[in-house]
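Observations on chain architecture
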Amino acid sequence: MENKKISLGDRYAEITVALITIIALIGGWFYKSSVENSSVPFNVEGITAQAPKGWLQSEPSGDELLRTTDRSSSGYNTTYILRKIPIAADTSASQVASLLTLGHGQDLLAFRLLEQREVTVYGKTAYEISYVYVESNPNLTHKNIPSVVRGIDYIYMNSDNAVVVSFWADDRNFDIDLGRFHLFLQSIKY
């Protein structure tokens, strides 16, 4: 039997390859994270935010200022909606929540309210509504199984407006996408 001796240069080469591989993996992970979390500025009617870059933005309609959708998400496409609703001076957040819940019940299929409560989000007082509904493709030629969608609305009271920020995501992706939504929520200034 012959014992082969490993030279000092061979040891350094093995260690160097391992270190370069680890550094490349860490660098790639940071690059991937920066691309996924990149954003574009949004500024309409005194409300600013950092909307996710690369998401599809729809034309605003009615009281909606922003509707942005992640077309690459699986199941139901993750969606952020920003609305500015005019209110009377003595309107409370719970009254706005009741109106939103009533509207969701009329507009969303199989809507179920899960919870509503007053919360503090990044130092701002808000009213939170969490709910689920079923989204089915209205095109009967497609064989898609309906998606269970979870949603959260945050209602912020401003002097004569309620700022409503909504997050809708497929039930399977809700917890995964919630962290990215909180980055968007944190960026909103009104």
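Below or above, wherever it landed, is the structure these notes cover. (Residues numbered from 1 in each chain as written. Predicted model: local features only at pLDDT ≥ 70, side-chain atom pairs only at ≥ 80, totals over all residues. Heavy atoms only, no water.)

**Things to note about the pairing of strand β4 (residues 64-69)**
The line we're drawing: Each residue gets one of three labels from its accessible area relative to the maximum for its type: buried under 20%, exposed over 50%, partly exposed in between, using a 1.4 Å probe on protein chains only. By definition, any uninterrupted DSSP run of H or I lasting at least four residues is a helix, any uninterrupted run of E lasting at least two residues is a strand, and each is numbered from the N terminus. At least two DSSP bridges between two strands are needed for those strands to be called paired.
Where burial is concerned, most of β4 is hidden: five out of the six residues are buried. Bridging between strand β3 (residues 56-57) and β4 involves two bridges; their strand directions are antiparallel. Each bridged residue has a counterpart across the sheet, and for Q57 the counterpart in β4 is T68. Here β3 folds back onto β4, and the loop between the two strands holds six residues, one of which, G62, carries a positive phi near 65°.

**Quick look at unusual backbone geometry**
Residue A110 is not a glycine yet carries a positive backbone phi of 55°. Structurally, the position occupied by A110 is in strand β6 (residues 109-121). With a phi angle near 50°, Y122 is a residue other than glycine that sits in the positive phi range. Of the residues examined, Y122 reaches a relative accessible area of 45% and is grouped as partly exposed.

**Thoughts on helix α3 (residues 174-187)**
Side chains that are three or four residues apart share a direction in an α-helix, a result of its 3.6 residues per turn. Quick reminder of the rule: Given the number of residues in a helix, its expected span is that number minus one, multiplied by 1.5 Å. In this description, contact between two residues means that some pair of their heavy atoms is separated by no more than 4.5 Å.
Between its terminal C-alpha atoms α3 stretches 20 Å, which fits the 20 Å expected from 14 residues at 1.5 Å a residue. Within α3, the full set of buried residues consists of F174, D177, L178, F181, F184, L185 and S187. Structurally, α3 contributes buried residues whose contacts are with β2 (47-52), β4, β5 (79-86), β6, β8 (147-157) and β9 (161-170).

**Some points on the environment of D171**
Position of D171 among the secondary structure elements: in the loop between β9 and α3. Measuring from C-alpha to C-alpha, the distance between D171 and S147 comes to 7.8 Å, with 24 residues separating the pair along the chain. With sequence-adjacent residues up to four places away left out, D171 is seen in contact with V148, V149 and R150.

**Section: a nonpolar patch on the surface**
Stated formally: What makes a patch is a set of residues exposed beyond 30% relative accessible area and free of salt bridges, joined within 9 Å when like-charged and within 5 Å when nonpolar (Val, Leu, Ile, Met, Phe, Trp, Tyr). Note on areas: Shrake-Rupley with a 1.4 Å probe; residue coverage comes only from the protein chains shown. A pair is scored as a salt bridge if a Lys or Arg side-chain nitrogen falls within 4 Å of a carboxyl oxygen belonging to Asp or Glu.
Taken together, the side chains of Y12, I15, L19 and I23 define a hydrophobic patch exposed on the protein surface, amounting to about 450 Å² of accessible area. By the secondary structure assignment, I15 is in helix α1 (residues 8-36).

**Focus on the pattern of salt bridges**
Considering all chains together, one arrives at eight salt bridges under this definition. Note that R117 is salt-bridged to E115, the shortest N-O span being 3.7 Å. E115 gets classed as partly exposed once you look at its relative accessible area, which sits at 38%. Because the salt bridges share partners, they merge into one network encompassing D70, D177 and R180.

**Considering the pairing of strand β7 (residues 124-135)**
When β6 meets β7, the two strands line up antiparallel, connected through 10 bridges. Opposite V121, over in β7, you have K124 as the bridge partner. In textbook terms, the turn of a hairpin is the stretch between consecutive antiparallel strands, and for β6 and β7 this stretch comprises two residues, one of which, Y122, has a positive phi near 50°.

**Looking at helix α2 (residues 93-107)**
In this model α2 runs 21 Å from its N-terminal to its C-terminal C-alpha over 15 residues, within 8% of the 21 Å that 1.5 Å per residue would give. On its buried face, α2 is in contact with β5, β6, β7, β8 and β9.

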